Amino acid sequence: MSQYSMPQNHTWIKICGFTEPENALECAALGPDAIGLIFFEKSPRNVDIEQAKKITAVLPDPVLPVGVLVDKEYDEIMHIVHGCGLKGVQLHGSEPPELVERLLKEHLIVIKALFAKKQPFMDQAKEYDMASALLIEYGKGTLPGGNAESWNYELSRQLKTQVPVILAGGLGPENISHAVSAGKPSGVDVSSGVELSYGIKDIKKVDNFIQKVRNIDKTV
C-alpha cells in the first residue's frame, strides 16, 4: 500500500452503494471502515456528484468515502473526487496500471478490482502491485459488480501479491463468516447483501454483517 495501510487488528469493511445521506450516516455509526458511492450510470445505485456530496458531508472522519468508477478517464475521475470530497477510488473496469499510479500521486487510496471470470483476471495481480488494495470477485453477470452471486471465495488466496486483498461478490450476513474463513482477506466489501432496496441499506443487516466479521477477528 502506498498512502494508506489496512488495519492490522481487524478486517477492513466497506459498505457500498449508498444513495441517501441519512442511511449512510446510520450505517457509518455501526463502525465500517469505508462507505462506497457508485458512479456508474447503468447501476441502480448510481449517484451524481451532488448526491454524493451530501453523503460525504455527513460521514464521520474515520469512515472513508470511496468512489466506485468504471473505465473513466483521469480527468473525469479527479472531477468527481474534488466535486464530492472522496478519499479513495475503486477502479472496477479495465483500467491500466498507469492510471492507478497516476491516481496514487494524488494521495488517494486506489483499489483495483480483479476478477475470476473476466478481465482483468486475478492472475494479473502483479501488474497492479502498486495499488492500495486489490478487490477480488467472480465477475459473472451483466454489471461490473458482484451481481449478488456468491462464489468460491477460497480462490482469492491464490493471488500472488503482497498487496492487501478485499473480498467481494455475493456477500451477506448469512455467508460472511464462511467467506472470511475461506478467503482470509484483509478486507470485505458488501452491497446488495445488506439492502432493503437499491441504494438503501438495512441497518439490522449491516450491523449483523459487521458483528460477524468482528467476531471472526476476535478468534484469529
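Attention here is on the structure that accompanies the text. (Residues numbered from 1 in each chain as written. Predicted model: local features only at pLDDT ≥ 70, side-chain atom pairs only at ≥ 80, totals over all residues. Heavy atoms only, no water.)

Next up on the list: the sheet that holds strand 5 (residues 109-115). Taken in spatial order, the 8 strands close into a barrel running 1-2-3-4-5-6-7-8, and their pairing is parallel. Neighbour to neighbour, the strand axes of the sheet diverge by 25° on average, direction disregarded. Sheet topology note: the strand 5/strand 6 (residues 133-137) ladder contains 5 bridges and is parallel. In the strand pairing of strand 6, Ile111 is matched with Ala133. Relative to strand 1 (residues 12-16), helix 6 (residues 203-219) is tilted by about 165°, and along the sheet it contacts strand 1 and strand 8 (187-190). (Pairing = 2+ DSSP bridges. Helix = DSSP H or I, 4+ residues; strand = E, 2+ residues; numbered from the N terminus. Axes fitted to C-alpha atoms, helices over the stretch in contact; angles between N-to-C directions. Contact = heavy atoms within 4.5 Å.)

Take the packing of helix 3 (residues 74-84) against helix 4 (residues 97-104) next. For the pair helix 3 and helix 4, interaxial distance at closest approach is 11 Å and the crossing angle is 35°. As for how helix 3 packs across helix 4, the hand of that crossing is right-handed. The segment helix 3 lies against helix 4, with Tyr74, Ile77 and Met78 engaging Leu99, Arg102 and Leu103. Across the contact of helix 3 with helix 4, the residue classes tally to 5 nonpolar, no polar and 1 charged. (Left-handed = near helix turned anticlockwise from the far one by under 90°. Nonpolar A, V, L, I, M, F, W, Y, C, P; charged D, E, K, R; others polar.)

As a further point, take helix 6. Between the first and last C-alpha of helix 6 there are 25 Å, a value that for 17 residues agrees with the 24 Å anticipated at 1.5 Å per step. Among the residues of helix 6, those classed as buried are Val206, Phe209, Ile210, Val213, Arg214, Ile216 and Asp217. End-on, the buried residues of helix 6 take up no more than an arc of 155°, which puts them together on one face. Opposite the packed face of helix 6, turned more than 90 degrees from it, sit the exposed residues Lys204, Lys218 and Thr219. Residues of helix 6 that are buried in the fold lie against strand 1, helix 1 (21-28), helix 5 (176-183), strand 8 and strand 10 (200-201). (Expected span 1.5 Å × (residues − 1). Buried < 20%, exposed > 50% of the residue type's maximum accessible area, 1.4 Å probe, protein only. Arc of directions from axis to C-beta.)

What is shown is where atoms sit, not what they do.
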